[in-house]
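# Chains, contacts and geometry: an overview
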Amino acid sequence: MDRILKIPIENELDMSLAYRKSKDAAKLLNLSISSQTTFATAVSEISREIIDKATDGLLELNISAAEEKYSLVAKFTYLEVLTLDRSEGIMYASKLVPHFDKHKIGDMHTLNLSVKIPSFVRIDREKVRNVRFYFESVEEKSPYELLLEKNYELSEINERTELELHTANYIINQKNEFLSVASHELKTPLTILKGLTQLALRSSERQDVAPFLVKINTQVQKLQDLITRLLDISKSETDKLDYNFEQLELNNFLTDLEILLKNLVPAHNFELITEDVPVFINCDRLRLEQVINNLIGNAAKYSSENTTIVLTVKTTENGYVNLSVKDQGIGMNKNDLEKVFEKFYRISEVKSQVAGLGIGLYVSSRIVNDHQGKIWAESSIGEGSIFHISLPYISYFTEKAHI
Ligand code: ADP
């Protein structure tokens, strides 16, 4: 269908405009004088009913083609307030113009009136363009039409601005929320650090100092992790995380990390399952550690104490090695599963209960992608979660003798 013009159908002025324009269109397409009048009368009858009984009315005049036969079609769309079916104007219009059909998509009603264009009128793209051009540029516009056009332009600008404002507000809100949580998270370990340091300083016997220093160390580590994550956000904004790629044997790397991982989740049972065969990957070891820390930290954060967290490593036939972190925690629904890798996304139910920034998984997914890998999760509410990473391996030996 080629549209030649559109008119809002909201008041009496629109109705007379609809009458005049549909008559002009019929004339330009060489319809007989009686067809011009019946078509325009039917259009104005329907317009009247829409003005009385509906809202958001719009008329489009189109030229449609079916099997080389062309028709002039008046397409009305509107939202019904009162029922239009069987109203006087509609019945009358359907008698004037025999090709008349109605349908409904959602709440929006559509009504098409069409008259056939005689075969001696040569219609092609050029002709359609000319008719449209006539209405856009040649025909002199009434002040009301000029006002309507201006109105259209303004409402389009308005819609665009509203959308931009909405997006900007959303980002500002997210950033504000993030800043308040981030500063809170920074303050907590700092306050503890200060208290412990003062205790350590006051302590006179050397052996009493050691446990405090251990705790200080843990808090410093937390602070460092947090600052790394904060820096990662600003780096990820400008699209560059730093990497130091090297060839690394994954199972040894994880076995060396096991003690640290156990310390990361002291209230949980942590298990590492590897395949006991060397798998070499090309990766940045600190970044990989960051991803694993994040997944295991989350597994502990979103599950009860004394439950089990398992990190399993498994090579696949297609050149990838899979690392999966399984917990017995609160789980999440399908909708959240798709969103947890987005920046700042946190599941609303946990926001008030568990501290977090909503950036760990986002940064992890960036890191895994930059390693040509994939990250995804499986979960359901109350049944725990499994987070998977798959990374391409360079080589993998099935027998220890090959090392
Ligand atoms: P954070 O944990 O700091 O909020 P993340 O980006 O690491 O940020 O995680 C995003 C969100 O995904 C979390 O807020 C949480 O709602 C959900 N989530 C992450 N890991 C798990 C998990 N193992 N079990 C249940 N929910 C999780």
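Being a predicted model, the structure only gives us computed values, none of them experimental.

### Examining the overall build of the protein chain
Along the protein chain, the regular secondary structure elements total 11 helices and 12 strands. Against the compact-globule benchmark of 22 Å for 403 residues, the protein chain has a radius of gyration of 35 Å, which places it well outside the compact range. Oriented by its inertia axes, the alpha-carbon framework of the protein chain measures out at about 110 × 55 × 40 Å. Pairs at least 24 apart in sequence give 71% of the contacts found in the protein chain among residues at least 6 apart. In the form shown here, the protein chain has an accessible surface area of approximately 23,600 Å², with 53% of it arising from carbon and sulfur atoms. In the protein chain, the 47 positive side-chain charges and the 58 negative ones have mean positions that sit 3 Å from each other.

### Notes on unusual backbone geometry
For Asn 30, which is not a glycine, the phi torsion comes out positive at approximately 60°. As for its placement among the helices and strands, Asn 30 is situated in the loop between helix 1 (12-28) and helix 2 (33-53). Note on Asn 30: relative accessible area 44%, which makes it partly exposed. Of note in the backbone geometry, Gln 372 takes a positive phi value of approximately 60° without being a glycine.

### Description of the packing of aromatic side chains
The description of two aromatic rings rests on the distance between their centres and on the angle between their planes. For the structure shown, the criterion picks out 3 aromatic pairs. Both rings, one in Tyr 134 and one in Phe 135, keep their centres 5.4 Å apart while their planes meet at 80°; by these two values the pair is edge-to-face. Residue class for Tyr 134 comes out partly exposed when judged on its relative accessible area of 25%. Given the relative accessible area of 4%, Phe 135 is considered buried. Geometry around Tyr 320 places Lys 374 over its ring, the cationic atom sitting 5.4 Å from the centre.

### Structural notes on the environment of Ile 281
Its place among the elements puts Ile 281 in strand 8 (residues 279-283). As for Ile 281 and Ser 348, which are separated by 67 residues in sequence, their C-alpha atoms are 37 Å apart. Beyond its immediate chain neighbours, meaning those up to four positions away, Ile 281 contacts Glu 246, Gln 247, Leu 248, Leu 250, Leu 288, Val 321, Leu 391, Pro 392, Tyr 393 and Ile 394.

### Focus: the domain arrangement of the protein chain
Domain annotation of the protein chain identifies domain 1 (2-140), domain 2 (158-237) and domain 3 (245-402). The C-alpha-based centres of domain 1 and domain 3 are spaced at 61 Å.

### Observations regarding the site of the ligand
Residues in contact with the ligand amount to 21 residues; listed here are only the nearest, Asn 298, Tyr 302, Asp 327, Arg 346 and Leu 361. At 2.5 Å from an oxygen atom of the ligand is found a side-chain nitrogen or oxygen belonging to Arg 346. One of the side-chain N or O atoms of Ser 385 is found 3.4 Å from a nitrogen atom in the ligand. For the ligand, whose free accessible area comes to 530 Å², the fraction covered by protein is 99%. Among the elements of the structure, helix 8 (285-301), helix 11 (360-370) and strand 12 (385-396) are those that each provide at least two residues to the shell around the ligand. Ranked by the residues each element gives to the shell around the ligand, the list is headed by helix 8, at 4 residues. Across the shell around the ligand, the residue classes tally to 11 nonpolar, 7 polar and 3 charged.

Here is what the cut-offs are and how they apply
Residues numbered from 1 in each chain as written. Predicted model: local features only at pLDDT ≥ 70, side-chain atom pairs only at ≥ 80, totals over all residues. Heavy atoms only, no water. Helix = DSSP H or I, 4+ residues; strand = E, 2+ residues; numbered from the N terminus. Rg over C-alpha atoms; globule rule 2.2 N^0.38 Å. Contact = heavy atoms within 4.5 Å. Areas by Shrake-Rupley, 256 points an atom, 1.4 Å probe, with all protein chains shown as cover. Lys, Arg positive; Asp, Glu negative; His and termini not counted. Charge placed at Lys NZ, Arg CZ, Asp CG, Glu CD. Buried < 20%, exposed > 50% of the residue type's maximum accessible area, 1.4 Å probe, protein only. Phe/Tyr/Trp six-rings, centres within 6.5 Å; stacked < 30°, edge-to-face > 60°. Lys NZ or Arg CZ within 6 Å of the ring centre and 35° of its normal. Domains from an automatic or database assignment. Near = heavy atom within 4 Å. Polar contact = N/O pair within 3.5 Å; in protein donor to acceptor, adjacent residues only side chain to side chain. Nonpolar A, V, L, I, M, F, W, Y, C, P; charged D, E, K, R; others polar.

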